[in-house]
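# Per-entry structural report
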4 protein chains.
Amino acid sequence: MIKPRAILLLHCPDRQGIITDVTGFITHNHGNIVDLDQHVDRIDERLFMRIEWDLDGFSIPREHINEAVDQQLGIRYDMHSRVYFSDEKPRMAIFVSKMSHCLYDLLARYRAGEWEVEIPCIVSNHEDLRYVAEQFGIPYHVWSISPDKSNRAEVENAEMELLRSNRVNFVVLARYMQLISDEMISCYPHNIINIHHSFLPAFKGARPYHQAFDRGVKIIGATSHYVTRDLDAGPIIEQDVVRISHKDTPDSLVRKGRDLEKIVLSRAVTKHIERKILTYKNRTIVFG
Amino acid sequence: MIKPRAILLLHCPDRQGIITDVTGFITHNHGNIVDLDQHVDRIDERLFMRIEWDLDGFSIPREHINEAVDQQLGIRYDMHSRVYFSDEKPRMAIFVSKMSHCLYDLLARYRAGEWEVEIPCIVSNHEDLRYVAEQFGIPYHVWSISPDKSNRAEVENAEMELLRSNRVNFVVLARYMQLISDEMISCYPHNIINIHHSFLPAFKGARPYHQAFDRGVKIIGATSHYVTRDLDAGPIIEQDVVRISHKDTPDSLVRKGRDLEKIVLSRAVTKHIERKILTYKNRTIVFG
Amino acid sequence: MIKPRAILLLHCPDRQGIITDVTGFITHNHGNIVDLDQHVDRIDERLFMRIEWDLDGFSIPREHINEAVDQQLGIRYDMHSRVYFSDEKPRMAIFVSKMSHCLYDLLARYRAGEWEVEIPCIVSNHEDLRYVAEQFGIPYHVWSISPDKSNRAEVENAEMELLRSNRVNFVVLARYMQLISDEMISCYPHNIINIHHSFLPAFKGARPYHQAFDRGVKIIGATSHYVTRDLDAGPIIEQDVVRISHKDTPDSLVRKGRDLEKIVLSRAVTKHIERKILTYKNRTIVFG
Amino acid sequence: MIKPRAILLLHCPDRQGIITDVTGFITHNHGNIVDLDQHVDRIDERLFMRIEWDLDGFSIPREHINEAVDQQLGIRYDMHSRVYFSDEKPRMAIFVSKMSHCLYDLLARYRAGEWEVEIPCIVSNHEDLRYVAEQFGIPYHVWSISPDKSNRAEVENAEMELLRSNRVNFVVLARYMQLISDEMISCYPHNIINIHHSFLPAFKGARPYHQAFDRGVKIIGATSHYVTRDLDAGPIIEQDVVRISHKDTPDSLVRKGRDLEKIVLSRAVTKHIERKILTYKNRTIVFG
């Protein structure tokens, strides 16, 4: 049984003494630091930090840690910070359309216990993948926006209500082929993870593998990123690529791309669950 | 001493019997096929082929092979074809500006005898790299277009005259930071190789590493391609990538990119020298 | 509905005229060649070839094609050849132990219709993964060899009987942690595919991730290969790697390796199902 | 003009408060930390750290910093530490045999000013590459051990004397095909960098590309490592790989491998020059 830990994620303008003060705050309160990672952006003169410590013996009760960080460090250093606890599993909703490869990959990891996460619900705009949800015993909800879009508001409200009632912390779009509502984006800032089937910023938008084929590229990619209001333009979390050749067709690119997509999406979800991602100026800091 | 070989590069609409007829043409004339590579594009229903055979004992004299191919195969199959000979070394001009890494990489391979090529001249718009040319004993020619561009035509004529007088077969732009004239592009169709320091089509144009940094990508790339009239849009020959992280700055991307650029450019030059590239519809077929 | 095709895989000593004769055999019998790939090993002077053609209109009945190939080509060229038909789905058995990631990856592809294959049974030496088999509705058979190994022959016979009664064509060891019997290897020559969790030939045998950690490598790999009597020494089908760093522990290598293993295994299975692999002198020729 | 900086590399048993104390030591003495990287090995419970700060305004004179670190931190924490200064360029000797690709790559970077390093001499056991040294104006020294090895001691002494008289700090073996003397290894502990043309620990020793071809691997690699008395078994600094296929021959592996070798070697040299490498238990910690 692993003992509960606190995880502090923060960023602030870089000034002398911050690291000394942050680590001092924890050690003076009898916290045993088990992991520390930090990065200084020399262009923006900004410090990014992730620090993890055992709660056992820590002299500040867990419900007061956030407040203590603010008072003893946050104000002085103009800090953006957030404290997480390793024994509070984040709750993740999955949105899918018709392709099963990412969904299977996410659920297989979940079922195998790879992740400290709960998956209370799967949402779709199609019935196609209900059987996968049923294989894993997870509720599957379908709402379709009608061709005239007259029920858009209704569908978006129902989805938001589902996320709220399931206390969902973050959303994973596992090849979900429909736009996310502005409201959902606002409610889940940098908490909606999408997989785009190209090496962004190349081939934004629709049918990226066909675009890649037409351009004659020799490598294709996949990109996981946080969703913002700009389509396919949010902070990139992870990318990977695979070499192709003149022998490939748009169909074979789709096949090769599937393996990329599921791995790149799952790597991003892993980092998000482990609270190892900070965002700043539309870029991510992803700790190792 | 390797015996001279003929290399036939061709493409044509795919029809039954072509491969049988092409290989038959060579074997019936007592040519020993030493390499054959072919690719059928099922979307365009088009065959691409490279076939190499020993000239020793071949019953058609080398100066009549092109004509024989045309008469016995080309007309019947509506074929685009070209015959090369392994003992005719292509002559390559290098254009550079101020950065030495690609130039050194090309010249080191040339000097070490890696390539069956001649390099009669280096052209630049700056004096900076004359010392490198002198280290390798290759003539270095500098022409600068004046700020008001009044001497543009004169410079372009001088460059073309240099290429003609040196019987240059193809041109390598080794981080050459100036536009190539339309006339040169017309005279060297798919015979001018450029290296662009991004994973095209992402980050066309100027300062791609800065663009990549701003977008927050997790992988950067380099692309070698044939130059056409559309900037950074010609047929891609080779691409490669390297993983980066939030720790990278535009400066470190420039450093990491240099290694990519020189390797990706040299791979393209190798394939070009070996006559292993065909182009069709702005894409390349690069045989293995 | 795709029309049935024949696939001819062959290798033989390289001699003039073979390609002409093989393609001629098909076109003269009114077969329309839809794919041809060939490779000449210049060291062993040996030709390897895969040729695929539409059966529609082919003048030789499918049950006589093998015989015709032998008589008209095989004897003359001292050829090893085998004809397959695209509408005959190979039957694949999966062997597993306790780890689910490869099994889920194989079954998700199967269920999504990625492969032209049948999976009639899953075999294990443990009960652990029965729930996965049940999720996908595939019979799951467990046999354990007792600690004193007294029932080894009995278990091996039962396994062989299962494979026979299910008309299994090839076997996939999806992280199966037990030796395969010599009899099974003899009955399925180059038809048993294993995934080894290292970049072979480095780190053969047990606990390769721990070996990799101890050696301090900067990249880890996974290798899919055909099983022969020499442990981890059969012909390699596919390998891939992932970069690691000093931050990794044996545990994190195991996690990162899982993604490699499942992708590398599935790529090998794909090529095997597509009849794109030839073996010769303990190496594979894998057509694109 | 960049102001001089101090670089402290250290490792010690991990204990609470170390980071606070190390960073406190610098900030209390008015040093401005410009870079900090640290890693805790949780298996060995050991801290590794690299910290870089501006010397401008630092209250301890540079000649006393080492002593101050020892007294104020080293003894208390049982620390192995070493202080470097950014304006003290390390002096590097290159050893070569007959292949020029790594040598050209090193010298091109040196000449282009990529590295803060001095290269006072090149050593070889053959005359072959004297022309390269002459192109770059660097003294080239040749000593050959006679077939009967009677002059081995004499050669080794001459080489050591050359390194001493040139105040060489570290040695780069750029495809040097002769064993290094035990004395040199003792005098330059973890300061001799070799490039081995395989993905170690696979294919140690002679002719690794031929070994790779015989084994039928699908990926080849190169490994840079510190030289120890165990052949090809010292701490690995960097590795990289390239995909190959059944079309490759031992000769084409040699060609493809050359590009890997020079890049992998130069990456290791870069990290060494930047003082970003710590070694412990035959593994390296390479900071980003």
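Source: prediction; values computed, not measured.

### A short note on the overall build of chain A
In terms of regular secondary structure, chain A is built from eight helices and 13 strands. For 288 residues, the compact-globule estimate of 2.2 N^0.38 gives 19 Å, and the C-alpha radius of gyration of chain A, at 21 Å, lies within 12% of that figure. A principal-axis box enclosing the C-alpha atoms of chain A has dimensions of 60 × 40 × 40 Å. Counting across all 288 residues of chain A, residues that qualify as buried make up 60%. Once local pairs closer than 6 in sequence are excluded, the contacts in chain A between residues at least 24 apart make up 66%. Here chain A displays about 11,500 Å² of accessible surface, and carbon together with sulfur accounts for 48% of that area. Taking the 37 positively charged and 40 negatively charged side chains of chain A as two groups, their mean positions are separated by 5 Å.

### Observations regarding empty space enclosed by the protein
By the definition in use, this model includes 12 cavities of 30 Å³ or more. Considered as a void within the structure, the largest cavity measures approximately 170 Å³ in volume. Along the walls of the largest cavity sit 18 residues, with Asp14(B), Arg15(B), Gly17(B), Ile19(B) and Ile33(C) positioned nearest its centre. Counting residues per element, the ones that place at least two in the lining of the largest cavity are α1 (18-28) and β2 (32-41) of chain B together with α1 (18-28) and β2 (32-41) of chain C. At five residues, β2(C) tops the list of elements feeding residues into the lining of the largest cavity. Looking at the lining of the largest cavity residue by residue, the classes come out as seven nonpolar, seven polar and four charged.

### Observations regarding the relation of the copies chain C and chain A
Aligned on chain A, chain C shows an RMSD of 0.0 Å; the corresponding rotation is 180° and the shift along the axis is 0.0 Å. On this basis, the relationship between the two copies can be described by a two-fold rotation axis. Relative to the rotation axis, the C-alpha of Gln135(C) is the closest in chain C, positioned 2.7 Å from it. Interface overlap between copies is the fraction of interface residues in one copy that are interface residues in the other; for chain C against chain A it reaches 100%, indicating a shared surface.

### Some thoughts on unusual backbone geometry
Of the consecutive residues Leu200(A) and Pro201(A), the connecting peptide bond is found in the cis state with omega at 10°. Mapped onto the elements, Pro201(A) comes out in the loop between β9 (192-196) and α7 (208-215). Residue Lys149(B) is not a glycine yet carries a positive backbone phi of 60°. In this fold, Lys149(B) is placed in the loop between β7 (140-142) and α5 (152-165).

### Focus: the interface of chain C and chain A
The interface of chain C with chain A comprises 18 residues on the first partner and 18 residues on the second. Applying the counting rule to chain C against chain A returns eight salt bridges. Glu114(C) is paired through a salt bridge with Arg258(A); the nearest N and O atoms lie 3.3 Å apart. Along the contact surface separating chain C from chain A lie nine residue pairs in polar contact (both at pLDDT 80 or more). Elements with a contribution of two residues or more to the side of chain C that touches chain A: α3 (101-111), α4 (130-136) and α8 (250-273) of chain C.

### Structural notes on the domain arrangement of chain A
Note on interface size: it is often stated as the accessible area lost on association of the parts. All names here are of chain A. Once the domains are mapped, chain A shows domain 1 (5-85) and domain 2 (91-286). Distance between the C-alpha centres of domain 1 and domain 2: 31 Å. Taken together, the 13 residues of domain 1 in the interface contact 10 residues of domain 2. Roughly 970 Å² of surface becomes buried between domain 1 and domain 2 when both sides are summed, with 64% attributable to carbon and sulfur atoms. Between domain 1 and domain 2 we count three salt bridges in total. Asp 44 is the partner of Lys 281 in a salt bridge, and the nearest nitrogen-oxygen pair spans 2.7 Å. For the interface between domain 1 and domain 2, the tally reads three residue pairs in polar contact (both at pLDDT 80 or more). Taken together, the residues of the side of domain 1 that touches domain 2 break down into seven nonpolar, two polar and four charged.

### Focus: the environment of Cys121(A)
Residue and element names in this part refer to chain A. Take Cys 121: it is sitting in strand β6 (residues 118-124). With 42 residues separating them in the primary sequence, Cys 121 and Leu 163 have C-alpha atoms 8.4 Å apart. In this structure, Cys 121 is in contact with Met 92, Ala 93, Ile 94, Ile 138, Pro 139, His 141, Leu 162, Asn 166 and Val 168, ignoring residues within four places of it in sequence.

### Structural notes on the pattern of salt bridges
In total, this model carries 128 salt bridges over all chains according to the counting rule given. What emerges from the salt-bridge pattern is a single network uniting Asp105(A), Arg109(A), Glu114(A), Arg258(C), Asp259(C) and Lys262(C).

### Topic: the sheet that holds strand β10 (residues 219-226) of chain D
All names here are of chain D. Taking strand neighbours across the sheet as the criterion, the seven strands line up as β7-β6-β5-β8-β9-β10-β11 in an open arrangement whose pairing is mixed. Each edge of the open sheet is held by one strand with a lone partner, namely β7 (140-142) and β11 (236-243). Within this sheet the neighbouring strands show an average axis-to-axis angle of 20°, counted without direction. Sheet analysis places strand β5 (residues 91-96) next to strand β6 (residues 118-124), joined by five bridges and oriented parallel. Along β6, the bridge assignment pairs Ile 94 with Ile 122. Across the sheet, helix α8 (residues 250-273) touches β5, β8 (170-173), β9 (192-196), β10 and β11, and the angle it forms with β10 is around 30°.

### Considerations on the pairing of β11(D)
All names here are of chain D. Counted residue by residue, β11 has seven buried out of eight residues, so it is predominantly covered. Looking at chain direction, β10 and β11 are connected through seven bridges and run antiparallel. Across the sheet, the residue bridging to Ser 224 is Glu 238, located in β11.

### Notes on α3(C)
Of all 11 residues in α3(C), nine are buried, a share of seventy percent or more. Downstream of α3(C) by one or two residues, Gly113(C) has phi in the positive range, about 80°.

### Quick word on the packing of aromatic side chains
Where two aromatic rings form a pair, the distance of their centres and the angle of their planes describe that pair. In the structure shown here, the tally under the stated rule is 26 aromatic pairs over all chains. Relative to Tyr176(A), the ring of Phe95(A) lies with its centre 5.2 Å away and its plane at 85°, an arrangement referred to as edge-to-face. Linking Phe95(A) in strand β5 (residues 91-96) with Tyr176(A) in the loop between β8 (170-173) and α6 (182-187), this pair joins segments that are 81 residues apart in sequence. Of the two residues, Phe95(A) and Tyr176(A), neither departs from the other in class, the shared state being buried. Judged by centre distance (5.4 Å) and plane angle (50°), the ring pair of Trp53(D) and Phe58(D) falls under tilted. When its relative accessible area of 0% is taken as the criterion, Trp53(D) is described as buried. Feature note: the residues Tyr104(A), Phe136(A), Tyr104(C) and Phe136(C) constitute an aromatic cluster, connected by ring pairs. Taking the ring centre of Tyr131(A) as reference, the NZ or CZ of Arg111(C) above it sits at 4.0 Å. The lysine or arginine in question, Arg283(C), covers the ring of Phe213(D), its NZ or CZ lying 4.0 Å from the ring centre.

### Quick word on the environment of Val269(D)
All names here are of chain D. Inspection of the secondary structure puts Val 269 in helix α8. The class of Val 269 is buried, set by a relative accessible area of 0%. In this structure, the C-alpha to C-alpha distance between Val 269 and Tyr 226, residues 43 residues apart in sequence, is 11 Å. Not counting chain neighbours up to four residues away, the residues in contact with Val 269 comprise Met 92, Leu 106, Trp 115, Phe 170, Val 172 and Ile 193.

### Quick look at the pairing of strand β5 (residues 91-96) of chain C
Residues and elements named next belong to chain C. For β5, the tally of buried residues reaches six of six residues, placing the bulk of the element in the interior. Burial along β5 is two-sided: Arg 91, Ala 93 and Phe 95 facing one way and Met 92, Ile 94 and Val 96 facing the other are all buried. As for the winding sense of the linkage, the β-α-β connection from β5 through α3 to strand β6 (residues 118-124) is right-handed. Sheet topology places β5 next to strand β8 (residues 170-173); four bridges connect them, and they run parallel. If you follow Ala 93 over to β8, its bridge partner there is Val 171.

What counts and what doesn't
- Residues numbered from 1 in each chain as written.
- Chains lettered and ligands numbered in written order.
- Predicted model: local features only at pLDDT ≥ 70, side-chain atom pairs only at ≥ 80, totals over all residues.
- Heavy atoms only, no water.
- Helix = DSSP H or I, 4+ residues; strand = E, 2+ residues; numbered from the N terminus.
- Rg over C-alpha atoms; globule rule 2.2 N^0.38 Å.
- Buried < 20%, exposed > 50% of the residue type's maximum accessible area, 1.4 Å probe, protein only.
- Contact = heavy atoms within 4.5 Å.
- Areas by Shrake-Rupley, 256 points an atom, 1.4 Å probe, with all protein chains shown as cover.
- Lys, Arg positive; Asp, Glu negative; His and termini not counted.
- Charge placed at Lys NZ, Arg CZ, Asp CG, Glu CD.
- 1 Å grid on protein atoms, 1.4 Å probe; cavity = no way out; pocket = protein on both sides within 12 Å on 5 of 7 lines; lining within 4 Å.
- Points joined across faces, edges and corners; volume = space filled by probe spheres on them.
- Nonpolar A, V, L, I, M, F, W, Y, C, P; charged D, E, K, R; others polar.
- Least-squares fit on C-alpha atoms with pLDDT ≥ 70 in both.
- Salt bridge = Lys/Arg side-chain N within 4 Å of Asp/Glu carboxyl O.
- Polar contact = N/O pair within 3.5 Å; in protein donor to acceptor, adjacent residues only side chain to side chain.
- Domains from an automatic or database assignment.
- Buried area = accessible area lost by both parts, 1.4 Å probe.
- Pairing = 2+ DSSP bridges.
- Axes fitted to C-alpha atoms, helices over the stretch in contact; angles between N-to-C directions.
- Phe/Tyr/Trp six-rings, centres within 6.5 Å; stacked < 30°, edge-to-face > 60°.
- Lys NZ or Arg CZ within 6 Å of the ring centre and 35° of its normal.
- Right-handed = clockwise from strand over helix to strand, strands pointing away.

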